[in-house]
Amino acid sequence: MPRISQLYFKTAVIFLIVGIVMGLNMAISQDHSVIGAHAHCNLLGWVTMAIFGGYHALNPQKAEKRIAMIQYYVYTAGIALMVPALYLMLQGNTAMEPLVALASIITLVGVLLFAFIIFSNGKVVVTPAAPSYR
């Protein structure tokens, strides 16, 4: 499996853990005001990153390109900035709104880079290689 796929899966699991902790905190406190941050953490962090990792695992030729690693860092930075800033904003800290906006733009750039990777020329593998049992 390409290194970037492993990075995506490991990062996705971290976001899953953070998302679950946020969900448990909401359930225990009965305060669901940060549900937007919880949803962004789970959907953009856990789910989308796992999909990115799966795509690169299925397309190792594209995973080895420099743009793939740049896209990983840009997207990860956007989500890592967005989730806590959104959490704080939803708790009433309105000073976080510009930071949430900036993080959203960074995340969008990460998604656009991923779209570039998908639509770029290159050999596409539709199924993973068969495992070797030697």
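Higher on the page you've got the structure.
Residues numbered from 1 in each chain as written. Predicted model: local features only at pLDDT ≥ 70, side-chain atom pairs only at ≥ 80, totals over all residues. Heavy atoms only, no water.

1. A look at the packing of helix α4 (residues 66-90) against helix α5 (residues 97-119)
Part 1 of the argument: With their axes 8 Å apart at the nearest point, α4 and α5 run at an angle of 155° to one another. Looking at the two axes, α4 sits roughly antiparallel to α5. When the axes of α4 and α5 are compared, the crossing they make is left-handed.
Part 2 of the argument: Here the residues of the contact of α4 with α5 sort into 22 nonpolar, five polar and one charged. (Axes fitted to C-alpha atoms, helices over the stretch in contact; angles between N-to-C directions. Helix = DSSP H or I, 4+ residues; strand = E, 2+ residues; numbered from the N terminus. Parallel < 35°, antiparallel > 145°, perpendicular 65-115°, else oblique. Left-handed = near helix turned anticlockwise from the far one by under 90°. Nonpolar A, V, L, I, M, F, W, Y, C, P; charged D, E, K, R; others polar.)

2. As for the environment of alanine 77
Part 1 of the argument: Along the chain, alanine 77 turns up in helix α4.
Part 2 of the argument: Taking the C-alpha atoms as reference, alanine 77 lies 18 Å from phenylalanine 116; in sequence the two are 39 residues apart.

3. Comments concerning the nonpolar core
Part 1 of the argument: Counting 25 residues, the largest nonpolar core has Ile4, Tyr8, Phe15, Met49, Ile79 and Val83 as its most contacted members.
Part 2 of the argument: Listed by contribution, the elements that provide at least two residues to this core are α1 (3-29), α2 (35-58), α4 and α5.
Part 3 of the argument: If one sorts the elements of this core by residue count, α4 sits on top with eight residues.
Part 4 of the argument: Once residues within four sequence positions are removed from consideration, isoleucine 79 is found in contact with Phe15, Leu44, Gly45, Pro84 and Thr107. (Core = buried A, V, L, I, M, F, W, Y, C linked by side-chain atoms within 4.5 Å. Buried < 20%, exposed > 50% of the residue type's maximum accessible area, 1.4 Å probe, protein only. Contact = heavy atoms within 4.5 Å.)

4. A closer look at a nonpolar patch on the surface
Part 1 of the argument: Taken together, the side chains of Val13, Ile17, Val21, Leu43, Trp46, Val47 and Ile51 make up a nonpolar region of the molecular surface, amounting to roughly 600 Å² of accessible area.
Part 2 of the argument: Listed by contribution, the elements that provide at least two residues to the nonpolar patch are α1 and α2.
Part 3 of the argument: Among the elements that take part in the nonpolar patch, α2 stands out by supplying four residues, more than any other.
Part 4 of the argument: For valine 47, the location among the structural elements is in helix α2. (Patch = residues over 30% accessible without salt bridge, like charges linked within 9 Å, V, L, I, M, F, W, Y side chains within 5 Å. Areas by Shrake-Rupley, 256 points an atom, 1.4 Å probe, with all protein chains shown as cover. Salt bridge = Lys/Arg side-chain N within 4 Å of Asp/Glu carboxyl O.)

5. A word on unusual backbone geometry
Part 1 of the argument: Within the chain, glutamine 30 stands out as a residue other than glycine whose phi angle is a positive 60°.
Part 2 of the argument: Here glutamine 30 is to be found in the loop between α1 and α2.
Part 3 of the argument: Assessed through its relative accessible area of 62%, glutamine 30 is described here as exposed.

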